[in-house]
Amino acid sequence: MGIFKYEDCPLKHYVRLEGWLPFAQRRLKAIRANRKPNQQRGLRYFTFCAVGALDVLMLDVAGVIKKNDGRFDNVVFFDYKDEQVLETQRRIPGAIGFPGKFTPVVTDEDPVGDAQIEAQEPLSENTGELDEKKVRERQRRLDIRKRFRLRFPFDLINLDLEEFLFKQLDPFPGQVVKAMKRVFEWQRQPIINAKGHEEYLKGFTLMFTTKIGPPAMHPDYLEMLRTYLRRNIASQPSLLDQLENRAGLRDIDQLQAEQFDLFFKLSVPKMIAAMLLEEDWFIDPDPAVTIFQFDRDSAGGPYTLLHMVMDVSRQQPDKDHRAPHTQPQSVIDAYGTVVRKIFEVRERVVIREELDLDSINRSLEAIFARRKMYCPDEPQPSV
Amino acid sequence: MPKIKVHEKALAHLSRGLYRSPASALRELVSNAWDADATTVTINTNYPNFYQLSIEDDGTGFSKSDFEQLMQGGIGNSQKRPELKLINDRPVIGRFGIGMLGIAQICGAFVVTSKPKDGSEGFRARVQLFDRLKEKLDADDPDVVASYKAEAKQYPEEIYAGTYDFEEFDGSSARYGTRILADDLHPTFIKTFQESLTGSKPVPMDWSKAIEVISSKRSLQELGDYWRLLWELAAACPLPYLQADVLPEGLIALDHKRLKKYGFNVVIDGIELAKPVMLRNNPAGYTTHLIEEQRQKIYGRDLVFHGYIVVQEGVQLSPDEFRGIMIRIKDVAVGYYDTSMLDYRINEGPRSRWLTGEIYVSEGLEDALNIDRDSFNKFHPQYKALQRYTHNILQTSIFPKVYKQIEVRSEKRADEKQEAHQQHLKEVLKAHTGATVNLKRTLPADDEPSVQVTETARGYTLNLPPQEALKTRKNQRQLASAILAIFEMALREPGKEKQRNKFRELLLDLLDKW
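The rules behind these values
- Residues numbered from 1 in each chain as written.
- Chains lettered and ligands numbered in written order.
- Predicted model: local features only at pLDDT ≥ 70, side-chain atom pairs only at ≥ 80, totals over all residues.
- Helix = DSSP H or I, 4+ residues; strand = E, 2+ residues; numbered from the N terminus.
- Contact = placed C-beta atoms within 7 Å.
- Buried ≥ 20, exposed ≤ 12 C-beta atoms within 10 Å, placed from the backbone.
- Core = buried A, V, L, I, M, F, W, Y, C linked by C-beta atoms within 7 Å.
- Nonpolar A, V, L, I, M, F, W, Y, C, P; charged D, E, K, R; others polar.
- Domains from an automatic or database assignment.
- Axes fitted to C-alpha atoms, helices over the stretch in contact; angles between N-to-C directions.
- Parallel < 35°, antiparallel > 145°, perpendicular 65-115°, else oblique.
- Left-handed = near helix turned anticlockwise from the far one by under 90°.
- Expected span 1.5 Å × (residues − 1).
- Bend = angle between axes of the 7 residues up to and from the residue.
- Pairing = 2+ DSSP bridges.
- Right-handed = clockwise from strand over helix to strand, strands pointing away.
- Arc of directions from axis to C-beta.

Looking at the overall build of chain B
For chain B, the count of helices and strands is twelve helices and 18 strands. In chain B, once contacts between residues fewer than 6 apart in sequence are set aside, the share between residues at least 24 apart is 68%.

Quick notes on the overall build of chain A
Check the secondary structure of chain A and you find 13 helices and eleven strands. Viewed in the frame of its principal axes, chain A has a C-alpha envelope of about 60 × 55 × 50 Å. Taken over 383 residues, chain A has a buried fraction of 40%. For chain A, restricting intrachain contacts to residue pairs at least 6 apart in sequence, the fraction spanning at least 24 positions comes to 70%.

Details of the nonpolar core
Counting 208 residues, the largest nonpolar core has Val56 and Val75 of chain A together with Ile103, Phe110, Leu230, Leu233 and Leu273 of chain B as its most contacted members. In terms of residue count, the dominant contributor to this core is helix H8 (residues 225-236) of chain B (nine residues). When near neighbours in sequence (up to four residues on either side) are disregarded, Val75 of chain A contacts Tyr45, Thr47, Val56, Ile65, Ile92, Ala95 and Ile96 of chain A. Of all hydrophobic cores here, the second largest spans 14 residues; its members include Leu425, Ala482, Ile486 and Leu510 of chain B.

A short note on the interface of chain B and chain A
Taken together, the contacts link 22 residues of chain B with 28 residues of chain A. Take the side of chain B that touches chain A: its biggest share by element is four residues, from helix H6 (residues 187-196) of chain B. Across the side of chain B that touches chain A, the residue classes break down as eight nonpolar, nine polar and five charged.

Side note on the domain arrangement of chain B
Size of an interface: often given as the accessible area lost when the parts come together. Each assigned domain of chain B is listed here: domain 1 (1-196), domain 2 (279-414) and domain 3 (435-512). Placing the centre of domain 2 of chain B and that of domain 3 of chain B at their C-alpha centroids yields a distance of 52 Å.

Regarding the environment of Leu239 of chain A
All names here are of chain A. Considering the arrangement of structural elements, one finds Leu239 in helix H9 (residues 239-247). The class for Leu239 is buried, based on 21 C-beta atoms found within 10 Å. The spatial distance from the C-alpha of Leu239 to the C-alpha of Gln329 is 20 Å, given a sequence separation of 90 residues. Dropping the residues within four chain positions of it, Leu239 is found in contact with Asn232, Ile233, Arg340 and Phe343.

Let's talk about unusual backbone geometry
Of note, the amide linkage connecting Phe152 of chain A to Pro153 of chain A takes the cis form, showing an omega dihedral of 0 degrees. Relative to the elements of secondary structure, Pro153 of chain A occurs in the loop between helix H6 (133-150) and strand S4 (156-164). Across the junction of Gly213 of chain A and Pro214 of chain A, the peptide omega takes the value 5 degrees, indicating a cis bond. With phi around 60 degrees, Asn281 of chain B is a residue other than glycine that occupies positive phi space. By the element assignment, Asn281 of chain B lies in the loop between strand S10 (271-272) and strand S11 (286-298). Phi angles above zero are rare outside glycine, and Asp331 of chain B is one such case at about 75 degrees.

Observations regarding the packing of helix H11 (residues 260-278) of chain A against helix H12 (residues 329-344) of chain A
All names here are of chain A. Two elements in contact, H11 and H12, have axes separated by 9 Å at closest approach and are oriented at 165 degrees. Regarding the angle of H11 to H12, the classification is roughly antiparallel. Read as a crossing pair, H11 and H12 show a hand that is right-handed. Taken together, the residues of H12 that come into contact with H11 (itself represented by Leu266, Pro269, Lys270, Ala273 and Leu277) are Tyr335, Val338, Val339, Ile342 and Phe343.

Describing helix H1 (residues 10-32) of chain A
All names here are of chain A. For H1, which comprises 23 residues, the first-to-last C-alpha distance of 31 Å matches the rise-based estimate of 33 Å (1.5 Å per residue) to within 8%. Most pronounced at Trp20, the bend in H1 amounts to some 30 degrees, and the proline Pro22 follows within four residues. Within H1, burial applies to Pro10, Lys12, His13, Tyr14, Val15, Arg16, Trp20, Phe23, Ala24, Arg27, Leu28 and Ile31. Within two residues after H1, Asn34 carries a phi angle of roughly 55 degrees, on the positive side.

With respect to the pairing of strand S3 (residues 96-99) of chain A
Residue and element names in this part refer to chain A. Burial along S3 is two-sided: the residues Ile96 and Phe98 and Gly97 and Pro99 are all buried. In this sheet, S3 lies alongside strand S2 (residues 75-79) in parallel orientation, the contact comprising four bridges. Among the inter-strand pairings, Val76 is bridged to a residue of S3, identified as Ile96. This β-α-β element, S2 to helix H3 (residues 82-91) to S3, shows right-handed connectivity.

Here we look at the packing of H1 of chain A against helix H2 (residues 54-61) of chain A
Residue and element names in this part refer to chain A. With their axes 11 Å apart at the nearest point, H1 and H2 run at an angle of 60 degrees to one another. Relative to H2, the element H1 is oriented oblique. Taken as a pair, H1 and H2 cross one another with a handedness that is right-handed. Only Leu54, Asp55, Met58 and Leu59 of H2 make contact with H1, whose side of the interface consists of Arg16, Trp20, Leu21 and Ala24. The class makeup of the residues in the contact of H1 with H2 is six nonpolar, no polar and two charged.

A look at the pairing of S2 of chain A
In regular strands, side chains alternate between the two faces of the sheet. All names here are of chain A. Most of S2 sits inside the fold, with five of its five residues counted as buried. Residues Val75, Phe77 and Asp79 point to one face of S2 and Val76 and Phe78 to the other, with burial holding for every one of them. Pairing analysis gives three bridges linking strand S1 (residues 45-47) to S2, with the strands arranged parallel. Within S2, the residue paired with Tyr45 across the bridge is Val75. This β-α-β element, S1 to H2 to S2, shows right-handed connectivity.

Some thoughts on the environment of Ser318 of chain B
Residues and elements named next belong to chain B. Residue position: Ser318 is located in the loop between strand S12 (301-312) and strand S13 (324-329). Residue classification places Ser318 among the partly exposed positions, given that 18 C-beta atoms sit within 10 Å. Between the C-alpha atom of Ser318 and that of Leu220, which follows or precedes it by 98 residues, the distance is 8.9 Å. Those residues within four positions of Ser318 in sequence are excluded, and the remaining contacts are Ser215, Lys217 and Arg218.

Brief notes about helix H8 (residues 219-235) of chain A
Residues and elements named next belong to chain A. Given a rise of 1.5 Å per residue, 17 residues ought to cover 24 Å, and the 24 Å separating the end C-alpha atoms of H8 matches this to within 8%. Of all the positions in H8, only Tyr221, Leu225, Tyr228, Leu229 and Asn232 are classed as buried. Buried residues in H8, looked at end-on, bunch into an arc of 85 degrees, giving them a common side. Of the exposed residues in H8, those oriented more than 90 degrees away from the buried face are Pro219, Glu223, Arg230 and Ala234.

Next comes the structure, spelled out in structure tokens:
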């Protein structure tokens, strides 16, 4: 049993090993390629790693993450509770932790307006307000947002949310969707190195996890997802054949009503692809979106988790160097290919019985041993 | 006879302004952990963001009822427990009891979690401190000043500093010991610490490397508040040194061994701290003074102390904060290094910037402590006794040795300089004559300070007059002697014109590198 629930779940660890790790290794290779030795830099990683920080430690064991003087200072994470941030930092010393709810912080526009948050000094004493809890809380929240934004861009973004992407009471289009758009926007910021030189990312790797559902999804979200699929089919009629191959039907409404899981699996990656496009990125058509799927039992009933992994590239020329509302042909083509592959390529369903449990356990043991090295008072979980 | 009452508001005021730095407040919590038999204290500042601050120990912990007692009037009560027997023969530091609230200086709320080792009930409680407590106290806000003593309305009976609430506590997954997590840190604290990292390199996780960085700076101010926090904590806590030989002549070897034996570690943001003391490789060496254990009876009370003083000869100590004398009671620092050397009255000029030392007080002096535990009542008899002893050794032993060393160094430097000048003169003459030149210093028969030149098969021998014979200023005698030498050599040239030219050339060459 790990230090938090599902930490040592072999299904999840299979996804880490077979999904996240190879993508991260490839990203690191891309960062290193064509750089002089004195221009090399570490892979910048943002994660919702949870207190166990297994993903970070896996990348550490694999040599993908570079520590500086013993610090994981290329790793940035968010956690809802202050105590969880503390616990995580014990296990990955030097990692940069932000406390708070990710989506409200990222999407916070505050009454003063987004631009002003960026321009002002959130922790200024000259607010004219009294030194009270609510004022301090607001100042802290705005400062977290500002400093978090300054940490962008990342080479690897792991939005391992393990929750529903669309929440019943969330105003349309939903906090997570808004937060993702903001993240993709911030990804366009340059890295500023110690010498003050700017480096714009040519690409990054996105890992996104969500539960399929919820069962009673708000009609606005359903309509949005249906619209994405319809538009794709309208522009690529051959997708209907693909749909028929996979679902045995050709109608989107029917797909939603009768095979909601497949409807979700086709429409959500498509939605992410469209969001990236709007923010001047696009998903690399090779390998497009890799999807892992597994079921999990819980006290609240079983659910299905989808883990999506994709390489993302910046559109060239970028939006500042091309006519408004246009996109490079190469990007349009790539987008078409990605959409086709979303319809065409089936997800990898992870089933316990088919896993090489020995290999997974060996990997977990190596990770737990590494964690104990950083955090000696950590109890060693049994695998 | 009527008794003097102390206004309860005074104590409430103390809860918001007792310590002069975050390190001082943390030092008190570290001392609490020591008294709780902790072996490791882990501090996390959420570096480099500083949105939260936690201090956690693996000590005995305390129970829910202890906490309630503390919250319901126990704060401020002296909780010294001399009968307490700590692990590894640790001395009991003793709490003033306000340590936990000391953190209130930098935050508005904190969460205390404790799981006692004695099997009593653990807990998790959120403590919410009242905002603007001082203003509310002054205004007799009913939230804060809840009731008055019946017989004298002007004296509040109960003063509240905040509220607390027990939260869900999972004893099975909690670690033994106590954790205080300040999650409503004041924006000014956050901002100050964030800004202190601007433009500075990350602090090395290896504390010995960090000490090297610190030692290379004139003042901690150059490194900022975060580095200062680390340094002050390392200096103040009852921790061992990096090694037994960080000071010359084994000055701290026994104390290091004793401190190691206590088995107590403080780790902040992954950095394991040790006393930030290291003096090595000073070219001019060190003057040391070991203070053997001293026992004095002051008004019937024992005062026992020992320590050391070390002077880094000729080189100012760095950082500045390392200068002076630090007093430790039960191994915990009272304030930091005192650059006034307990108000030493003699101006020792730059020499006072070469001196550092620690005095470990194992018995006594606690009554001389001011409430902040950062300073002393300087008129307390025990403090006075310590001061007298220290000043006496400074005046009669240490500084005289330092002056002697300065003299020795000055003589050595003068000899070296003289040797270098002689060598230079020989080289100048050799360059012009192409022959070997020997210099001798003998008194000529007629007692006249002149230079005799003898030409031999191997070159020239110059008999220079003894410097005392040259009636000029002391620091110019060697130059005068050298000029006489080149003058005599120039006179060996045929004709006045050549003599004048040779003298000019020799003189310019001589002065070029004199």
